[in-house]
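The chain contents come next:
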Amino acid sequence: MLALSFLSVITLALAVNAYKSHLQQANRNHHELAAAAAGRCRTPPTRQSSSSADLVTQSALLVGAALPTGIPVSASEAFPSYSKSWTTIVVKPTPPPSSTHVHTEPVHDNVLPTAVPAPVASTAAPDIGEEKVAATSKTSAFTPNGIKAGIAGGDSYPYVKDHIGWWYDWSPTPSKSGKPIGVPMLWGGGTADATDAARLKAFQQLKTVPVYVLGFEEPDCAPGSGSAGMTVDAAVSKWEQLMAPLKAKGAKLGSPSMCKQADETWLAEFAKKIKTPWDITAIHVNKNSLDGVKKDIDHYKKYGKPIWVTEFACVADNPNFVPCTNQAQINKFIQDIVPFLESHPDIYAYAYSNGLGLGNVWPMTTSDGKLSASGKAYLDAISKFH
């Protein structure tokens, strides 16, 4: 019995000595690790056996040693200016923001980083992707007030002003109170009729630089009946004389809008001859189905610019120009085209046309100035988005 007790004492003493030896080694490693974390030592610690490593970890947990990522670290060791306490914290890897270049090197087995990153209280911005960032930027620059919907002609303005971002009335000086932006227009060359001549004179007298300005109204059709009727060369001359200086001062230029829609060739020739390119491709869409609308828009995508549909109307345009007169058909067309234009990535603005030659059912207002059934249909459609 005595011999057995004596043997037990010896065994216990050996175990205590072994534990002390391991603990001393662990403390040495702790100092090496802490020094490495503070940038004072670039020599990796001595490789430990699995049993010794366990003790190092246990010791580190007690004293707050700086260990590789994921292991508790002493705030006062890793971040001397951050805290005077020995509160244990956990350091986890945080990838650098994509917009900031950070030089990093791989951490090999048993080699620690030369420094522990300081804690930063920040909220990372959501990753919306490059394409979405680009689209957002374009929208803010090319969509008036951030609202695509608009009107061509100011008759219905009082009814829709809270739901549109812009409007125009084919003049160089659209003016109404409210948030929607009135977009001026260089309608023609001054030779189509007296109204064209008066508009040209007023445009030449502009004293301010507009945010947006639209180019010629249907110069590819004969003058009269709402078309400017201009040769390409005459339009190029007026464009460089009157539109180019506005662009130089910061205005965004809308291209001439074509009468012949997807069948045009005028704009292609104009684009080759001008020295000052437009910023926005302005188009007219007179169709009675989405298939026709898509055809027109697809044609103008080739110019590679944001598109404004500055006039759209329900019209059977082949073989003749015949405005829609059936209210149910008009309502269906409006209900289809508005969501389509709102969601189309190439369309930055659109406007319901209240122009000439569209009959007495399509216009947004009645003869006594009230909102028509068609006007109500448009208001209902855009109100879902704005």
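What comes next concerns the included structure. Everything numeric in this text was worked out from a predicted model, so none of it was measured.

### Examining the overall build of the protein chain
- Looking only at helices and strands, the protein chain features 11 helices and 11 strands.
- By the burial criterion, 41% of the 386 residues in the protein chain qualify as buried.
- Of all intrachain contacts in the protein chain linking residues separated by at least 6 positions in sequence, the fraction that spans at least 24 positions is 65%.
- Accessible surface computed for the protein chain: about 21100 Å², of which carbon and sulfur atoms make up 56%.

### Observations regarding the state of the cysteines
- Per the stated rule, a full pass over the model turns up 2 disulfides.
- Through a disulfide, Cys 221 is tied to Cys 259; the S-S separation comes to 2.0 Å. Classification of the bridge connecting Cys 221 and Cys 259 rests on its S-S torsion, roughly -75°, and on that basis the disulfide is left-handed. Of this pair, Cys 221 sits in the loop between strand S6 (212-214) and helix H7 (232-248) while Cys 259 sits in the loop between strand S7 (252-254) and helix H8 (266-273); the two residues are 38 residues apart in sequence, bridging distant segments of the chain.

### With respect to the packing of aromatic side chains
- A full pass over the atoms with the stated rule returns 20 aromatic pairs.
- Residues Tyr 352 and Tyr 378 carry aromatic rings whose centres are separated by 4.9 Å and whose planes lie at 50° to one another, so their mutual orientation is tilted. Here Tyr 352, found in strand S11 (residues 347-353), pairs with Tyr 378, found in helix H11 (residues 373-383); they are 26 residues apart in sequence, far enough to count as distant. Per residue, the accessibility class of Tyr 352 equals that of Tyr 378, and both read buried.
- Three or more aromatic residues link up through ring pairs in this structure, and these residues are Phe 216, Trp 239, Trp 266, Phe 270, Trp 278, Tyr 300 and Tyr 303.

### Digging into the packing of helix H10 (residues 327-343) against H11
- Closest axis-to-axis distance for the H10/H11 pair is 9 Å, and the angle between their directions is 20°. In terms of orientation, H10 lies roughly parallel with respect to H11. For the pair H10 and H11, the sense of crossing is right-handed. In contact with Gln 327, Ile 330, Asn 331, Ile 334 and Val 338 of H10, H11 contributes Ala 373, Ser 374, Ala 377, Tyr 378, Ala 381 and Ile 382.
- Class assignment of the residues belonging to the contact of H10 with H11 gives a composition of 8 nonpolar, 3 polar and no charged.

### What to know about the side chain of Glu 217
- Note on placement: Glu 217 falls in the loop between S6 and H7.
- Of the side chains with opposite charge, Arg 199 lies nearest to the buried Glu 217, which makes no salt bridge, at 7.6 Å.
- Ignoring sequence-local partners within four residues, the contact set of Glu 217 consists of Trp 170, Met 185, Trp 187, Gly 226, Ser 227, Ala 228, Ser 257, His 284 and Glu 311.

### With respect to the environment of Cys 259
- On the accessibility criterion, Cys 259 (23% relative accessible area) is partly exposed.
- On a C-alpha basis, the gap between Cys 259 and Ala 228 in space is 9.7 Å, while along the polypeptide they are 31 residues apart.
- Apart from residues no more than four positions distant in its own chain, Cys 259 is found in contact with Glu 218, Asp 220 and Cys 221.

### Some thoughts on the nonpolar core
- In this structure, Phe 270, Phe 312, Trp 362 and Tyr 378 are the most contacted members of the largest nonpolar core, which totals 78 residues.
- Excluding residues that lie within four positions of it along the chain, Phe 312 makes contacts with Val 285, Phe 333, Ile 337, Leu 341, Tyr 350, Ala 351, Tyr 352, Ser 353, Trp 362 and Tyr 378.

### Digging into the pairing of strand S8 (residues 281-287)
- Counting buried positions along S8 yields 7 of 7 residues, so the element is predominantly enclosed.
- Note that S8 and strand S9 (residues 307-316) share 7 bridges and pair parallel. Bridge pairing in S9 links Ile 283 to Val 309.
- In this view, the connection linking S8 to its parallel neighbour S9 by way of helix H9 (residues 290-300) has right-handed handedness.

### Observations regarding H9
- Every buried residue belonging to H9 is among Gly 292, Val 293, Asp 296, Ile 297, His 299 and Tyr 300, and all of these are buried. Taken end-on, H9 shows its buried residues confined to a sector of 155°, consistent with a single buried face. What points out from H9, more than 90 degrees from its buried face, is the exposed set Asp 291 and Lys 295.
- The elements touched by buried residues of H9 are H8, S8, S9, H10 and S11.

### Examining the side chain of Glu 311
- Mapped onto the secondary structure, Glu 311 falls in strand S9.
- Within the buried core, Glu 311 has no salt-bridge partner, and the shortest N-O distance to an opposite charge, that of Arg 199, equals 9.2 Å.
- Reaching out from Glu 311, the side chain makes a polar contact with the side chain of Trp 170 at a distance of 3.1 Å.
- Side chain to side chain, Glu 311 and His 284 meet in a polar contact 3.4 Å long.

### Details of the pattern of salt bridges
- This structure, assessed with the given rule, holds 9 salt bridges.
- Of the charged contacts in the structure, one is a salt bridge between Lys 247 and Asp 279, with a shortest N-O distance of 3.2 Å. Of the two residues, Lys 247 sits in helix H7 while Asp 279 sits in the loop between H8 and S8, which places them 32 residues apart along the sequence.
- For Lys 247, a relative accessible area of 25% puts it in the partly exposed group.
- Here Asp 279 falls in the buried class, since its relative accessible area comes to 16%.
- A salt bridge links Asp 298 to Lys 301; its shortest N-O distance comes to 3.9 Å.
- Judged by its relative accessible area of 39%, Lys 301 falls in the partly exposed class.

Procedures and definitions
Residues numbered from 1 in each chain as written. Predicted model: local features only at pLDDT ≥ 70, side-chain atom pairs only at ≥ 80, totals over all residues. Heavy atoms only, no water. Helix = DSSP H or I, 4+ residues; strand = E, 2+ residues; numbered from the N terminus. Buried < 20%, exposed > 50% of the residue type's maximum accessible area, 1.4 Å probe, protein only. Contact = heavy atoms within 4.5 Å. Areas by Shrake-Rupley, 256 points an atom, 1.4 Å probe, with all protein chains shown as cover. Disulfide = S-S within 2.5 Å. Phe/Tyr/Trp six-rings, centres within 6.5 Å; stacked < 30°, edge-to-face > 60°. Axes fitted to C-alpha atoms, helices over the stretch in contact; angles between N-to-C directions. Parallel < 35°, antiparallel > 145°, perpendicular 65-115°, else oblique. Left-handed = near helix turned anticlockwise from the far one by under 90°. Nonpolar A, V, L, I, M, F, W, Y, C, P; charged D, E, K, R; others polar. Lys, Arg positive; Asp, Glu negative; His and termini not counted. Salt bridge = Lys/Arg side-chain N within 4 Å of Asp/Glu carboxyl O. Core = buried A, V, L, I, M, F, W, Y, C linked by side-chain atoms within 4.5 Å. Pairing = 2+ DSSP bridges. Right-handed = clockwise from strand over helix to strand, strands pointing away. Arc of directions from axis to C-beta. Polar contact = N/O pair within 3.5 Å; in protein donor to acceptor, adjacent residues only side chain to side chain.

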